[in-house]
Amino acid sequence: MSMDLKELEIRNASRKELYTITVLTRKFFPYTGFNMEMIAKRLKDGSIHYLVALMGGYTAGFIDFKENAKSIKIMGLAVIPEMQRKGIGRRLVEEAIEFAKTKRKEVVYLLVASENSSALKMYEKFGFKSKGKLARQIWGQEVLLLFKQIRKGKATR
């Protein structure tokens, strides 16, 4: 690893990172059709959280997730190609899981293309399990639904 992950800062995204988040979203998730204006709206949405990974002050990647009553759903995880395979994606996922634990959520969900073997390996290491696959393909790819149990739900009294 040439870059020192100690330099990595992960924090809530602000409008400053809007351009980079938009570029990464268009590159890795073109099927969303998201443009800068839509992502700016998502940044303001209280139930959608964007975390950015900064290396030396520059945005190296992001993760976004939607907060629901009992779960969070990771919507996207993207790291700029030059910075991939350095542990940045892993740190972003750790932060999302930590958020879920702090907010006392029961489960973390995410979707991943079945061909994305490096992402699948990483999610497996975190203990994500398959819950099935989407009935439809996204951009010609089979999409798997994964989940990670964070805590057991309490029986209602």
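In short, a report on the structure. (Residues numbered from 1 in each chain as written. Predicted model: local features only at pLDDT ≥ 70, side-chain atom pairs only at ≥ 80, totals over all residues. Heavy atoms only, no water.)

With that settled, consider the overall build of the protein. In terms of helices and strands, the protein carries four helices and seven strands. Counting helices and strands in the order they occur from the N terminus, the protein gives β-α-α-β-β-β-α-β-α-β-β. The principal-axis extents of the C-alpha atoms in the protein amount to approximately 50 × 35 × 35 Å. Residues classed as buried in the protein amount to 42% of the 157 residues present. Look at the contacts in the protein between residues 6 or more apart in sequence, and 61% of them connect residues 24 or more apart. The protein carries 31 positive and 16 negative side-chain charges, and their two centres are separated by 6 Å. (Helix = DSSP H or I, 4+ residues; strand = E, 2+ residues; numbered from the N terminus. Buried < 20%, exposed > 50% of the residue type's maximum accessible area, 1.4 Å probe, protein only. Contact = heavy atoms within 4.5 Å. Lys, Arg positive; Asp, Glu negative; His and termini not counted. Charge placed at Lys NZ, Arg CZ, Asp CG, Glu CD.)

This part covers the nonpolar core. Among the nonpolar cores identified, the biggest contains 31 residues, and Ile63, Ile88, Leu92, Val93, Tyr123 and Phe128 are the most heavily contacted of them. Counting residues per element, the ones that place at least two in this core are β1 (8-12), β2 (48-55), β3 (58-67), β4 (71-79), α3 (88-102), β5 (107-113), α4 (117-125) and β7 (143-149). The biggest single contributor to this core is α3, with seven residues. When neighbours within four sequence positions are excluded, Phe128 is seen to be in contact with Val93, Ile97, Val108, Leu110, Tyr123, Leu146, Phe147 and Lys148. (Core = buried A, V, L, I, M, F, W, Y, C linked by side-chain atoms within 4.5 Å.)

Quick look at α3 now. Between the first and last C-alpha of α3 there are 21 Å, a value that for 15 residues agrees with the 21 Å anticipated at 1.5 Å per step. Listed as buried for α3 are Ile88, Gly89, Leu92, Val93, Ala96, Ile97, Phe99 and Ala100. One or two steps after α3, the chain reaches Arg104, where phi turns positive at roughly 60°. (Expected span 1.5 Å × (residues − 1).)

Our next topic: unusual backbone geometry. One non-glycine residue with positive phi stands out, namely Arg85, at about 65°. Locating Arg85 in the fold gives a position in the loop between β4 and α3. Assessed through its relative accessible area of 73%, Arg85 is described here as exposed. Its identity is not glycine, yet Arg104 carries a phi of approximately 60°, on the positive side. Looking at the secondary structure, you find Arg104 in the loop between α3 and β5.

With that out of the way, let us pick up the sheet that holds strand β6 (residues 129-133). The strands that make up a sheet pair up through hydrogen bonds in the backbone, lying either parallel or antiparallel. If you walk across this open sheet you meet the seven strands as β1-β2-β3-β4-β5-β7-β6, and the pairing is mixed. Unpaired on one side and paired on the other, β1 and β6 mark the two borders of the sheet. For this sheet the average axis-to-axis angle between neighbouring strands, irrespective of direction, equals 25°. Examined bridge by bridge, β1 and β2 share five bridges and lie antiparallel to one another. The residue of β2 that forms the bridge with Arg11 is Val52. Sitting on the sheet, helix α2 (residues 36-44) is in contact with β2, β3 and β4, with an inclination near 105° to β2. Taken strand by strand, α3 contacts β1, β2, β3, β4, β5 and β7, and its axis lies near 165° from that of β4. (Pairing = 2+ DSSP bridges. Axes fitted to C-alpha atoms, helices over the stretch in contact; angles between N-to-C directions.)

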